[in-house]
Amino acid sequence: MRLDENEGAFTIPEFGKIQFEGFCRFIDQGLMEELHNFPKIEDTDKEIESRLFGNEYELAEPFIKERDAVYQSLTYYSELYVPARSIRRNSSKIQKQTVFLGNIPLMNSHGTFVVNGIYRIVVNQILISPGIYYRSELDHNRINYIYTGTLISDWGRRSKLEIDVGERIWARVSRKRKISIPVLLSAMGLNLEEILDNTRYPEKFLFLLKKKKGRWEREEYIWSKEKAILEFYKKLYCVSGDLVFSESLCKELQDKFFRQRCELGKIGRRNPNQKLNLDIPENEIFSLPQDVLAAVDYLIGVKFGMGTHDDIDHLRNRRIRSVADLLQNQFRLALGRLEDAVRRTIHRATKRRSTPQNLVTSTLLKNTFQDFFGSHPLSQFLDQTNPLTEIAHGRKLSHLGPGGLTGRTASFRTRDIHPSYYGRICPIDTSEGMNAGLVASLSIHAKIGECGSLQSPFYKISERSREEHMVYLLPGEDEDEYYRIATGNSLALNQGIQEEQITPAPVSYTHLTL
């Protein structure tokens, strides 16, 4: 329980706070972010321009009460209105209107939604945080080790950097297809001199690229950007024969590979910056050539014992996709469909139909949220067996769902209890059967911090100050040598005894007495 600073009594925190905070973050930040990113749209002749002003959006009061929505099998929602402007350049005519974009389902006081008269809840999802992770694994002969660095994008797509048994460095783009690192770096715009000038191990890098009969085969990794893109395209799509470089081919490669597999996002950008000692701004959400080169550099260090392996199951390498992220993804999807619809409509627009309200349709947003609450695996019927099951259902964490794991492919190691769960995830409460270990519950005092990390509270006790104050530590911080973590009941025992008490505390996986 938590110590109340004002009254000096122990109180239990609000169990539904995680749901309320997530939905409020979606309303206050998520809507504005997506509306701000909505582009201005023009017709092919550039005579008509349409634009939304997302900073001035409004949510109307619900026209129906929650209770009536349940009785009438309706959805408890609010209408979203956004100011829009339409400009006709040939006549210099400007029209401004407040357009109706659609309906946003609202969360009630219990942290649930009412959709078609049924109470539903959005379960929080635990995912691997985007970034780069290193490990070693045995080859198919179970004899030699292969060192890999897995790049996980914000979309959940994976690409691997690996050093094989023959000490060659590859970038694996699929399970059966891979390309050499020089081709990838050349396709991203680097040449051989830039590669060797920005690596810590130029000799080892050259040795791992290719060596044959004691001579370097420089033509193996001297590629122009156009030639590298063509080779990359052939390897990625298994195309044989001669190809001609074109902008459409380059754009296809950019959209199908780099945007899906190299988009780190704001959260994933911090991982390579910290691990690889880079200083790239956080607003740069895509992997740059410097990221790939530094990742290969670190992979070489891992092979020669100068780098560390990552524990992918540690909570420092996980993040929580809350109700805010899930709803924002659906809102982004709806705005993408709306953009396509406006582009189609604006081409056929006449002088009478070029008003902002005529260009925007309100059914896309409504249908997108209806599909999400009706068919998404993380949108579930509320367990209404008793009030306790309703509270527990809102605090579930699931490894399942889009971008996550499946009950058939999840390993035992993933299902097992990890030491980093201490104070953050309950080690007892989990599902049975095929989903055992894949659906868990939050600890009582755990909360979701910045970037979706799970934080656990600790009382900080110092000899210099007799006052005790609470601090929230991120996963991994409680394992730092700076902190000495004791069990929660060790200092509560025998409080009336004034003698010096001794308590065990783990330090670097060994126990000391304090």
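The preceding data block contains the structure.
All values reported here derive from a predicted model rather than from experimental measurement.

**Thoughts on empty space enclosed by the protein**
Inference 1: With the rule as written, the count across this model stands at 5 cavities of 30 Å³ or more.
Inference 2: Of the voids in this model, the largest cavity is the one considered here, and its volume is about 230 Å³.
Inference 3: Forming the walls of the largest cavity are 22 residues, and the residues nearest its centre are Leu151, Leu161, Cys262, Ser287 and Val292.
Inference 4: Considering only enclosed or pocket space, the second largest cavity measures out at about 50 Å³ in volume.
Inference 5: Forming the walls of the second largest cavity are Leu101, Ala334, Leu335, Leu338, Thr361, Leu364 and Leu365.
Inference 6: When contributions to the lining of the second largest cavity are tallied by element, the ones reaching two or more residues are α10 (323-347) and α12 (363-375).

**What about the environment of Phe381?**
Inference 1: Its location among the elements puts Phe381 in strand β17 (residues 379-381).
Inference 2: For the pair Phe381 and Phe113, spaced 268 residues apart in sequence, the C-alpha to C-alpha distance is 9.8 Å.
Inference 3: Those residues in contact with Phe381 that sit more than four places away from it in its chain are Ile118, Tyr119, Arg120 and His393.

**Considering the layout of surface pockets**
Using a probe with the size of a water molecule, rolled over the atoms, empty space left in the structure can be pinpointed.
Inference 1: Estimates place the volume of the second largest pocket at around 1,800 Å³.
Inference 2: In terms of lining residues, the second largest pocket is bounded by 47 residues, among which Glu34, Asp154, Gln328, Asn329 and Arg332 are the most central.
Inference 3: The set of elements that each furnish at least two residues to the lining of the second largest pocket consists of α1 (17-36), α7 (247-261), α8 (265-275), β16 (318-321) and α10.
Inference 4: It is α10 that provides the largest number of residues to the lining of the second largest pocket, a total of 11 residues.

**Focus: the sheet that holds strand β12 (residues 145-152)**
Inference 1: Spatially, β11-β12-β13-β14-β15 is the arrangement adopted by the 5 strands of the open sheet, whose pairing is antiparallel. Looking at which strands have only one partner, the edges of the open sheet turn out to be β11 (131-138) and β15 (178-180). Within the sheet, the average angular offset between the axes of one strand and its neighbour, ignoring direction, is 25°.
Inference 2: Of the strand pairs in this sheet, β11 and β12 are connected by 8 bridges, and their pairing is antiparallel. Pairing of Tyr133 across the sheet is with Thr150, part of β12.
Inference 3: Contacts from helix α9 (residues 289-303) reach β11, β12, β13 (158-163) and β14 (169-172), with the element oriented near 45° to β13.

**A word on the packing of α1 against α10**
Inference 1: At a minimum axis distance of 8 Å, the contact between α1 and α10 shows a crossing angle of 30°. The orientation of α1 with respect to α10, classified from their angle, is roughly parallel. Taken as a pair, α1 and α10 cross one another with a handedness that is right-handed. Where α1 abuts α10, its residues Gln19, Gly22, Phe23, Arg25, Phe26, Gly30, Leu31, Glu33, Glu34 and Leu35 lie against Val323, Ala324, Leu327, Gln328, Phe331, Arg332 and Leu335.
Inference 2: Residue composition of the contact of α1 with α10, by class: 9 nonpolar, 4 polar and 4 charged.

**Brief notes about the packing of aromatic side chains**
Inference 1: Taken as a whole, this structure holds 8 aromatic pairs when the rule is applied.
Inference 2: Each ring, one from Phe26 and one from Phe331, has its centre 6.4 Å from the other, and the planes form 80°; the classification is edge-to-face. Of this pair, Phe26 sits in helix α1 while Phe331 sits in helix α10, and the two are 305 residues apart along the sequence.
Inference 3: Among the residues examined, Phe331 registers a relative accessible area of 0% and is labelled buried.
Inference 4: Ring pairs connect the aromatic residues Phe23, Phe26, Phe113, Phe331, Phe372 and Phe373, which therefore count as one cluster.
Inference 5: Lys96 extends its terminal NZ or CZ atom over the ring of Phe53, reaching a point 5.7 Å from the ring centre.

Rules used in this analysis
Residues numbered from 1 in each chain as written. Predicted model: local features only at pLDDT ≥ 70, side-chain atom pairs only at ≥ 80, totals over all residues. Heavy atoms only, no water. 1 Å grid on protein atoms, 1.4 Å probe; cavity = no way out; pocket = protein on both sides within 12 Å on 5 of 7 lines; lining within 4 Å. Points joined across faces, edges and corners; volume = space filled by probe spheres on them. Helix = DSSP H or I, 4+ residues; strand = E, 2+ residues; numbered from the N terminus. Contact = heavy atoms within 4.5 Å. Pairing = 2+ DSSP bridges. Axes fitted to C-alpha atoms, helices over the stretch in contact; angles between N-to-C directions. Parallel < 35°, antiparallel > 145°, perpendicular 65-115°, else oblique. Left-handed = near helix turned anticlockwise from the far one by under 90°. Nonpolar A, V, L, I, M, F, W, Y, C, P; charged D, E, K, R; others polar. Phe/Tyr/Trp six-rings, centres within 6.5 Å; stacked < 30°, edge-to-face > 60°. Buried < 20%, exposed > 50% of the residue type's maximum accessible area, 1.4 Å probe, protein only. Lys NZ or Arg CZ within 6 Å of the ring centre and 35° of its normal.

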